[in-house]
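# Descriptive analysis of the structure
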Amino acid sequence: MTIKAIQEEIVDEFSMFDDWMQRYEYIIELGKSLPLIEEQYKQDENIIKGCQSKVWLYAEEKDGNIVFTADSDAILTKGIIAILIRTFSNQSAQAILEANTDFIDEIGLKEHLSPTRANGLVSMIKQIKMYALAFQSKN
């Protein structure tokens, strides 16, 4: 599935909810399905800077695509990184770098987060793109 198709799927899922309490609950549910990072990668070098809570993000290349795993010590943050991993994991570095993140505005996520969580969201996206850049320059 392309990044765009996944993003459209996420926008559709969020449009089913009437209010933001339901959407927050859904984000928390998504966090429970997050592909968890292995303990050995829960190191300071994999912590995303700029997040209020701790978020570890690890990436590796498999068959030409980048596969992300993550974890967080906060349930809402775990859900947010789960949405990003669902969108960008198992994609090529090129596709990740070219992808826009307008779907985040479409579901209204950034405007319903505290300023520190919104900054954390931006930091997560930046880190995902940095990994893509690093893997792209290796090839």
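Our structure's up above, just so we're on the same page.
Residues numbered from 1 in each chain as written. Predicted model: local features only at pLDDT ≥ 70, side-chain atom pairs only at ≥ 80, totals over all residues. Heavy atoms only, no water.

Turning our eyes to something else, we now look at the overall build of the chain. Within the chain one finds 6 helices and 2 strands. Sequence-ordered secondary structure for the chain, helices as α and strands as β, is α-α-β-β-α-α-α-α. Taking 14 Å as the expected radius of gyration for a compact globule of 139 residues, we find that the chain reaches 14 Å, a close match to that expectation. Over its C-alpha atoms, taken along the principal directions, the chain stretches across nearly 45 × 30 × 25 Å. (Helix = DSSP H or I, 4+ residues; strand = E, 2+ residues; numbered from the N terminus. Rg over C-alpha atoms; globule rule 2.2 N^0.38 Å.)

This part covers the nonpolar core. Ranked by internal contacts, the top residues of the largest apolar core, which has 44 residues, are Leu-57, Phe-68, Ile-81, Leu-84 and Leu-109. Of all the secondary-structure elements, those providing two or more residues to this core are helix H1 (3-15), helix H2 (20-32), strand S1 (55-62), strand S2 (65-72), helix H3 (75-88), helix H4 (93-98), helix H5 (102-106) and helix H6 (115-138). (Core = buried A, V, L, I, M, F, W, Y, C linked by side-chain atoms within 4.5 Å. Buried < 20%, exposed > 50% of the residue type's maximum accessible area, 1.4 Å probe, protein only.)

So, about unusual backbone geometry. With the exception of glycine, the majority of residues adopt a negative phi angle, and the majority of peptide bonds are in the trans configuration. The phi dihedral of Asp-63 is positive, around 50°, even though this residue is not glycine. Mapped onto the fold, Asp-63 is located in the loop between S1 and S2. Judged by its relative accessible area of 83%, Asp-63 is exposed. One non-glycine residue, Asn-90, lies in positive phi territory at about 65°. Inspection of the secondary structure puts Asn-90 in the loop between H3 and H4.

As a further point, take H1. Its 13 residues give H1 an end-to-end C-alpha distance of 18 Å, which sits within 8% of 18 Å, the value for a rise of 1.5 Å per residue. Along H1, the residues classified as buried are Ile-3, Ile-6, Gln-7, Ile-10, Val-11, Glu-13 and Phe-14. Summarising the axial view, the buried residues of H1 lie within an arc of 160°, below the 170-degree limit, and thus occupy one face. Looking at H1, the residues exposed on the side facing more than 90 degrees away from the buried face are Asp-12 and Ser-15. Next to the buried residues of H1 lie H2, H3, H4 and H5. (Expected span 1.5 Å × (residues − 1). Arc of directions from axis to C-beta. Contact = heavy atoms within 4.5 Å.)

This part covers the packing of aromatic side chains. Scanning the model with the defined rule gives 5 aromatic pairs in all. On the basis of an interplanar angle of 75° and a centroid distance of 5.5 Å, the ring pair of Phe-14 and Tyr-26 is categorised as edge-to-face. In this pair, Phe-14 is assigned in helix H1 and Tyr-26 in helix H2, connecting sequence segments 12 residues apart. A ring pair is formed by Phe-68 and Tyr-131, whose centres lie 6.1 Å apart and whose planes are at 65°; its orientation type is edge-to-face. Highlighted residues: Phe-68 in strand S2 and Tyr-131 in helix H6, separated in sequence by 63 residues. (Phe/Tyr/Trp six-rings, centres within 6.5 Å; stacked < 30°, edge-to-face > 60°.)

Attention now goes to the pairing of S1. The pairing of S1 with S2 spans 8 bridges and is classified as antiparallel. Within S2, the position partnered with Glu-61 by the bridge is Ile-66. Between S1 and S2, which pair antiparallel one after the other, the connecting turn spans 2 residues, and Asp-63 there sits at a positive phi close to 50°. (Pairing = 2+ DSSP bridges.)

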